[in-house]
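The residues making up each chain are set out below.
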Amino acid sequence: MVSIIQTIATKPFEGQKPGTSGLRKKVKIFQQPNYTENFIQAILNAIPAKGATLVVGGDGRYYLDETLQVIVKLSAAAGVSKLVVGQNGILSTPAVSNLIRKLNATGGILLTASHNPGGPDNDFGIKYNISNGGPAPENVTDKIYEISKTITELKIVDTPKIDFSVLGKQNVGELEIEVIDSVHDYIELMKNIFDFDSIKSFFSNNPNFKMLFDGMNGVTGPYGQRLFVQELGLPESSVMRCIPLPDFGGAHPDPNLTYAHDLVERVNNEGYDFGAASDGDGDRNMVIGKDAFVTPSDSVAIIAHYAKEAIPYFQKTGVKGLARSMPTSQALDLVAKKQGLEYFEVPTGWKFFGNLMDAGRCSVCGEESFGTGSDHIREKDGLWAIIAWLNILAYVNKKNPGSGVKDILQSHYQIYGRNFFSRYDYEEVDGKGADEMVQRLRSMIETKELEGKQLGSFTVATADDFTYNDPIDGSISKKQGIRIIFQDGSRLVIRLSGTGSSGATVRLYVEKYSNNASEYTADTQKALQSLIDVALDLSQLQKFTGRTKPTVIT
Ligand code: VG1
Ligand code: CO
């Protein structure tokens, strides 16, 4: 059947500029007539879409269903060959990345605002990923944005509503739509990467070792259920909040000590040895143990340390190099140096790791924002990191029975020293004040007045606004964050978030290194207090934002 393509006039909307990770706005904004249509059309025009195979899915948040129908109508008119969609539109971000690669697809459209809250009054998001499975790089997102600014018409095929609950193929004119099982391919991938047998024997040899996974009412619930209960044979009491809900049950699906407090409390009060959570779309992770919190910066360093010894995937591929985002602590660099590996410091946002991985120069990478991953896909991968920790626990327990998360942390510090790290987030502050604060720091950097300056007990070595020269494609990304590095290697970083949907979010990152073994068990906030004082004083954050306290401390 030949479809009838209709042309509908439209007008550009302001601000359809993809941020750190796609276009994220309040649902109400996406609901304006033609707003979502315009942005999808801009993506399809930018790809271009004729003959394309696209993987489509999201984290189940409110407005997913409506957007899926828009994608079908516009894709059919744009000449897309095939849409591969998760059942009920459900696919985690890592699962989409895997499917794009596995199916040799042209790209994928991800319907998520990740860790931002969902529901009619909260956030929705649309992100485009390219054929390597990773977030579109800036030249592609810039193109999408340019098209969105001048768009005048939409091309649609008006079709009855597609039912995404039924597995199998259906057609809209020339467009084939295949609805697939949301979790199957991803589970297969994990089983090929990790040593599931050794994890299973670890649990059966240690019947008292209990774990708890929190899906936070986000997309990873069904994946976690399948992995931990079906595959690893753990009891149902090992998982919680595993059904994706359109508003995440009113929770903020961000796995950190503040927003995952239900998990943290249960682990503390009910005697769990290992706790883990993932965010709305499944790319973030948090790992905690009995009396232990693993900072994401330590987590990626520890995974890199054990990768080749403990994880079958890296035994096959080797570990080619390591990379972290600029604000992430330098713990990973120490592992790279010891292992004689190349390492890279890239701007915030996963898209910068993709080039390094495609060029075979990076195997394991991470961000301080609970993002950890490897070159098995081109997104960070929450469940991957959680299973990596189980795999490492199983490995370490073969040599040292009874080792828990805390022991693994401490033995890492014994080898490398400890990089104390914390992030302060000031959410939804006044945008103007935040900009002025950053401008003031920038001008202090330009005049070089900070260099050599004594701030508290710290002396500034260098200060800059981070610029990244991509070693693979030569692209240059400027103004990626204010960085103040002290003579003892401690660092302060201040940048504005690129993922918020209203106001500005200021992120302040502090890092201090210690190789004094008597400090390895110290409390992070206490260890960092003097540096935090310096940061608040130097930035005059309170004056510019009116905030005396951060919204979240990690
Ligand atoms: C934040 C994090 C960044 C992460 C990004 C997307 O960005 O800091 O490290 O890559 O979110 O994560 P920003 O610009 O707000 O600091 V996800 O899980 O929301 O896709
Ligand atoms: Co996410």
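Cut-offs and rules
Residues numbered from 1 in each chain as written. Chains lettered and ligands numbered in written order. Predicted model: local features only at pLDDT ≥ 70, side-chain atom pairs only at ≥ 80, totals over all residues. Heavy atoms only, no water. UniProt positions renumbered as here; feature names shortened; annotations may be inferred. Pairing = 2+ DSSP bridges. Helix = DSSP H or I, 4+ residues; strand = E, 2+ residues; numbered from the N terminus. Contact = heavy atoms within 4.5 Å. Axes fitted to C-alpha atoms, helices over the stretch in contact; angles between N-to-C directions. 1 Å grid on protein atoms, 1.4 Å probe; cavity = no way out; pocket = protein on both sides within 12 Å on 5 of 7 lines; lining within 4 Å. Points joined across faces, edges and corners; volume = space filled by probe spheres on them. Nonpolar A, V, L, I, M, F, W, Y, C, P; charged D, E, K, R; others polar. Polar contact = N/O pair within 3.5 Å; in protein donor to acceptor, adjacent residues only side chain to side chain. Core = buried A, V, L, I, M, F, W, Y, C linked by side-chain atoms within 4.5 Å. Buried < 20%, exposed > 50% of the residue type's maximum accessible area, 1.4 Å probe, protein only. Parallel < 35°, antiparallel > 145°, perpendicular 65-115°, else oblique.

- The name given to the protein chain in an unreviewed UniProt entry is phosphoglucomutase (alpha-D-glucose-1,6-bisphosphate-dependent), with Circinella minor as the source organism.
- Of the protein chain, the UniProt comment under Sequence similarities (unreviewed entry) reads exactly: "Belongs to the phosphohexose mutase family."

1. Focus: the sheet that holds strand 19 (residues 418-429)
- Here seven strands make up an open sheet; going across it, the order is 20-21-24-25-26-19-27 and the pairing antiparallel. The strands lining the two open edges of the sheet, one partner per strand, are strand 20 (454-455) and strand 27 (552-553).
- For strand 25 (residues 491-496) and strand 26 (residues 504-514), the ladder comprises six bridges, and the chain directions are antiparallel. Considered in strand 26, the bridge of Leu492 is made with Val510.
- Packed onto the sheet, helix 17 (residues 524-539) meets strand 19, strand 20, strand 21 (458-465), strand 24 (482-486), strand 25, strand 26 and strand 27 and runs at close to 50° relative to strand 19.

2. Here we look at empty space enclosed by the protein
- A full pass over the atoms with the stated rule returns three cavities of 30 Å³ or more.
- When its volume is computed, the second largest cavity comes out at roughly 90 Å³.
- Lining the second largest cavity are 16 residues, with Pro18, Gly22, Lys127, Tyr128 and Thr141 positioned closest to its centre.
- Looking at the lining of the second largest cavity, the elements with two or more residues in it are helix 2 (35-46), strand 6 (123-129) and helix 5 (138-150).
- Examining the composition of the lining of the second largest cavity, we find that three residues originate from one element, strand 6, more than from any other.
- Looking at the lining of the second largest cavity residue by residue, the class counts come to nine nonpolar, five polar and two charged.

3. Considering the side chain of Asp254
- Counting through the fold element by element, Asp254 comes out in the loop between strand 11 (239-240) and helix 9 (261-269).
- A distance of 3.2 Å separates a polar atom in the side chain of Asp254 from a polar atom in the side chain of Arg284.
- Not counting residues within four places of it along the chain, the set of residues in contact with Asp254 comprises His115, Met216, Tyr259, Ala260, Asp279 and Arg284.

4. Regarding the nonpolar core
- If you look at the biggest cluster of nonpolar residues, it comprises 78 residues, and the most contacted ones within it are Met190, Phe228 and Phe274.
- Here the element with the most residues in this core is helix 14 (residues 382-399); it accounts for 13 residues.
- Not counting residues within four places of it along the chain, the set of residues in contact with Phe228 comprises Met211, Phe213, Gly233, Leu234, Val239, Leu383, Ile386 and Leu390.

5. Concerning the packing of helix 10 (residues 296-310) against helix 15 (residues 405-416)
- Their axes nearest at 11 Å, the elements helix 10 and helix 15 cross at an angle of 80°. Taken together, the axes of helix 10 and helix 15 are roughly perpendicular relative to one another. Between helix 10, through Asp298, Ala301, Ile302, His305 and Tyr306, and helix 15, the contact on the second element is made entirely by Ile408, Leu409, Ser411, His412, Tyr413, Ile415 and Tyr416.
- Class assignment of the residues belonging to the contact of helix 10 with helix 15 gives a composition of eight nonpolar, three polar and one charged.

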